[in-house]
Amino acid sequence: MSTFRRIMAIGAVIILVVAVVGWAARVPLRIDEPPTPQLLDTSSLDRAVAKVNDHLQRLWREHGLAPAAPADDLTILRRLTLALMGTVPSLEEIRRFEADTGPRRLDRWVVRLLHDRRYADYFAERLTRALVGVDSGQLILFRRDRFRDWLADQLHADRPWDEIARQVIAGTGLSTGDPQANFVTVAIANDQLDRNKLAGRTVRAFLGQRIDCAQCHDHPFDDWTQTQFQGLAACFSEVTVSAGGVIDRSPFLFRMTPRQALRVRRSASSRGVPDLRSLREVFSEHDVGIEENPRWEVVPLPDDGGYVIQIAADQDSVDPHPQPRFTIRRSGETFEVFDARAEFAVEDPVTGARHVVTPAVPFHPEWMPLEGTARQRLAAWITHPDNRRFDRAIVNRVWGLLFGKPLHEPVDDLPDPPDEPDLLDVLGRDFRQHGCRLSRLIRVIAASDAFRRSSRSAIADEVRLEQARSTFAVFPLTRLRPEQLIGSMLQAASIKTIDQNSHLLARIARFFRTNEFVQQYGDLGENELEDQPGTIPQTLLRMNGRLVKEVGTADFFTAAGEINAFAESPERCLEACFLCCLTRRPTREERQHFIPQLRSASSRKERARMIEDIYWALFNAPEFSWNH
């Protein structure tokens, strides 16, 4: 074969591969369009929304505020997709939405979005940050990705939030096969399980209150005390992580017979401490072994006349403190033996005395059942139907995820429930009455007057305007999170919806581009609902970043390229650009500015460059990076 023919053959193969890859990246998997959701509970929903709106109206009247005008439907659609999926709607979705002329269109689309897997995946990531943080941790013991995927499955199946909470708090098993157990394994550092960390995280995530400082002293502003914190931490005393995963181990081992107790007493030295050899014999009779270790020592318990078997302190070790192994407590005329590793003990900072804390809760102990492991009992107490804190915490967090701003800030530092029910209680009561389902809560909030108000206000006074924002008389403007920003750019670069039905290549590209952009832009971490100012590097990244340039290029694979190829007029071309990027049509002034330029294009290639410039301008417009 001649050199020319070989070159032609190689060129043909390259062209074929490029064509196949291009087709694969553009053509989605053939999956039938899901049926339009049926709204079966509209009367119940309307009653709940009416209660929320009544509360809002009273609040606005008390402050003398006139609420902003209602927002248009496309603006609300953009808010919904940003809040529930982390992206703007595709042009394909916008066209389908506008073609839907039936009643209750917005409510029906909320239900449609809640059935979309993108909602479950995106919301699971938001909740995972509250439950286990953002760090990857130790791969062998902690699998954050498995926890997030498990949580996404629960949300997609619309599992009740109280049921999810109980599984998370009391979960057992391996971090891979039983992903909910990662709530515990994330608290392992240097092979030690931090029960204090688990207690603080549990209360913040599920009760919306910060009690971490009570670990060392009584809370300076709230009613939380150090004793209360220790009682909650003791609820995790039984949990341990072994080769079999997360398990709960009861601290009680056995009860000595009267004869064995007498033998132990008779072996006591002049200091009143039993002989270790006698104890080893008694333990072996109950199939409990005391390993050989020259540093074992028996020390008395000052509080109840019992003893502790521990490994003596070693100043040269990483942990120079004594390591208690068994606790022997007096029980009438005999002794009960406990595994000290399954007890929660604290030391007096002054005397050094060791004090074992029993599992306890800070209020309403009658909500805590008597049966089950300590974690199961704690989970039942947290999710008890009368525990308003549990309902208020998730309502405040979901409100924050939908608006970009919670009702009370910070989102995980709520005050104690007031005597007079507030808006959190109004929403929380409906949430509880309808099975603690997040889908119901989201539908009620999304249908409220607050969510459907415009972000524009006629109030000129800054103080009054801030008051209107804080009471949600006007939709509050907040910056998009990094995932929302890159998600919107990637979706705006595609006419078709990028979702679980898209081709594998498109989904892979989105995954890596999202991770790269978030890393460069700056991940907000667990505190993503706190107000974050924009930075100059972030602005420069949007203006000059490689990813921004790629998604705005008018080529065969992008929306800009398709608009250039198929838009039959400058008007339709400009409209498509604005709908893809901002989910609205251009204003009269914007049409007057851009359309003459598009008409002046002498070729498709020149018009493509103009479309790229329009995309760049829209990506860098303040409107694009805010949640209006």
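The structure under discussion appears in the preceding block.
First, a word on what this report is: a plain description of the structure on this page. As the structure is a computational prediction, the values presented were derived from the model and not from experiment. (Residues numbered from 1 in each chain as written. Predicted model: local features only at pLDDT ≥ 70, side-chain atom pairs only at ≥ 80, totals over all residues. Heavy atoms only, no water.)

Moving on: the overall build of the chain. Scanning the chain for helices and strands turns up 26 helices and 11 strands. Residues counted as buried form 50% of the 628 residues belonging to the chain. Roughly 30400 Å² of accessible area belongs to the chain as shown, and the carbon and sulfur atoms make up 54% of that amount. (Helix = DSSP H or I, 4+ residues; strand = E, 2+ residues; numbered from the N terminus. Buried < 20%, exposed > 50% of the residue type's maximum accessible area, 1.4 Å probe, protein only. Areas by Shrake-Rupley, 256 points an atom, 1.4 Å probe, with all protein chains shown as cover.)

Quick look at a nonpolar patch on the surface now. Side chains of Leu-504, Ile-508, Phe-511 and Phe-512 sit close together on the surface and give an oily, nonpolar patch of about 410 Å² of accessible area. One can find Leu-504 in helix 20 (residues 504-521). We classify Leu-504 as partly exposed; its relative accessible area is 47%. (Patch = residues over 30% accessible without salt bridge, like charges linked within 9 Å, V, L, I, M, F, W, Y side chains within 5 Å. Salt bridge = Lys/Arg side-chain N within 4 Å of Asp/Glu carboxyl O.)

Read from one edge of the open sheet, 5 strands run 5-9-8-7-6, paired in antiparallel fashion. Two strands bound the open sheet, and with one partner strand each, they are strand 5 (252-255) and strand 6 (296-300). Neighbouring strand axes in the sheet, compared pairwise and without regard to direction, differ in orientation by 20° on average. With 3 bridges connecting them, strand 5 and strand 9 (residues 334-339) associate as antiparallel partners. From the neighbouring strand, Arg-255 faces strand 9, where its bridge partner is Glu-336. Against the sheet, helix 12 (residues 258-266) touches strand 8 (323-331) and strand 9, its axis set at about 85° to strand 9. Sheet strands in contact with helix 13 (residues 276-285) are strand 5, strand 6, strand 7 (307-311), strand 8 and strand 9, and its direction is about 95° off that of strand 6. (Pairing = 2+ DSSP bridges. Axes fitted to C-alpha atoms, helices over the stretch in contact; angles between N-to-C directions. Contact = heavy atoms within 4.5 Å.)

Turning to the packing of aromatic side chains, a few remarks are in order. Geometrically, a pair of aromatic rings is defined through the distance of the ring centres and the angle of the planes. Going through the model one piece at a time under the given rule, you end up with 22 aromatic pairs. Note on Phe-403 and Phe-451: the rings are 5.5 Å apart at their centroids and 85° apart in plane angle, and the pair reads as edge-to-face. Residue Phe-403 is found in helix 15 (residues 388-403), and its partner Phe-451 is found in the loop between helix 17 (438-446) and helix 18 (462-470); the two are separated by 48 residues along the sequence. Under the relative-accessibility criterion, Phe-451 is labelled buried at 0%. Among the aromatic side chains, those forming a connected cluster through ring pairs are Trp-399, Phe-403, Phe-451, Phe-472 and Phe-475. (Phe/Tyr/Trp six-rings, centres within 6.5 Å; stacked < 30°, edge-to-face > 60°.)

So, about unusual backbone geometry. Omega for the peptide link from Glu-409 to Pro-410 comes to -10°, which places this bond in the cis form. Note that Pro-410 resides in the loop between helix 15 and helix 16 (423-433). For Arg-104, which is not glycine, the phi dihedral falls at a positive 55°. Its location among the elements puts Arg-104 in the loop between helix 4 (91-99) and helix 5 (105-114). Assessed through its relative accessible area of 33%, Arg-104 is described here as partly exposed. A positive phi angle is found at Cys-436, which is not glycine, with a value near 55°. Of note, Cys-436 is situated in the loop between helix 16 and helix 17.

Glancing now at helix 13. Within helix 13, burial applies to Leu-276, Ser-278, Leu-279, Val-282 and Phe-283. Each buried residue of helix 13 lies within a common arc of 155° when the element is viewed along its axis, so the set occupies one face. Taken together, the buried residues of helix 13 touch strand 5, helix 12, strand 6, strand 7, strand 8 and strand 9. The opening residue of helix 13, the one whose side-chain oxygen lies 3.1 Å from the backbone nitrogen of Arg-277, is Asp-275. With its phi angle positive at about 60°, Asp-287 sits one or two positions after the end of helix 13. (Arc of directions from axis to C-beta. Polar contact = N/O pair within 3.5 Å; in protein donor to acceptor, adjacent residues only side chain to side chain.)

This next bit is on the environment of Ser-250. Inspection of the secondary structure puts Ser-250 in the loop between strand 4 (245-248) and strand 5. Exposure remark for Ser-250: the relative accessible area of 45% places this residue in the partly exposed category. For Ser-250 and Glu-238, which are 12 residues apart along the polypeptide, the C-alpha to C-alpha distance reads 5.7 Å.

Take the packing of helix 10 (residues 195-207) against helix 11 (residues 226-234) next. Where helix 10 contacts helix 11, the two axes come as close as 8 Å, and the packing angle between them is 100°. Taken together, the axes of helix 10 and helix 11 are roughly perpendicular relative to one another. Across the interface between the two elements, Arg-195, Asn-196, Ala-199, Gly-200 and Val-203 of helix 10 pack against Phe-229, Leu-232 and Ala-233 of helix 11. Taken together, the residues of the contact of helix 10 with helix 11 break down into 5 nonpolar, 2 polar and 1 charged. (Parallel < 35°, antiparallel > 145°, perpendicular 65-115°, else oblique. Nonpolar A, V, L, I, M, F, W, Y, C, P; charged D, E, K, R; others polar.)

Take the side chain of Ser-44 next. The topology assignment puts Ser-44 in helix 2 (residues 42-62). At a separation of 3.1 Å, a polar atom in the side chain of Ser-44 contacts the side chain of Arg-440.

Here we come to the environment of Arg-609. With respect to the element layout, Arg-609 can be found in helix 26 (residues 604-619). A relative accessible area of 45% means that Arg-609 is categorised as partly exposed. Spatially, the C-alpha atoms of Arg-609 and Thr-553 are 8.3 Å apart, while their sequence positions differ by 56 residues.

The buried count for helix 14 (residues 374-382) comes to 7 of 9 residues, which makes it a mostly enclosed element. When helix 14 is considered as a whole, its buried residues turn out to be Ala-374, Arg-375, Arg-377, Leu-378, Ala-379, Trp-381 and Ile-382.

Here the focus is the nonpolar core. Of all hydrophobic cores here, the largest spans 151 residues; its most connected members are Trp-161, Phe-206, Trp-381, Ile-563 and Tyr-615. Examining the composition of this core, we find that 9 residues originate from one element, helix 24 (residues 570-582), more than from any other. (Core = buried A, V, L, I, M, F, W, Y, C linked by side-chain atoms within 4.5 Å.)

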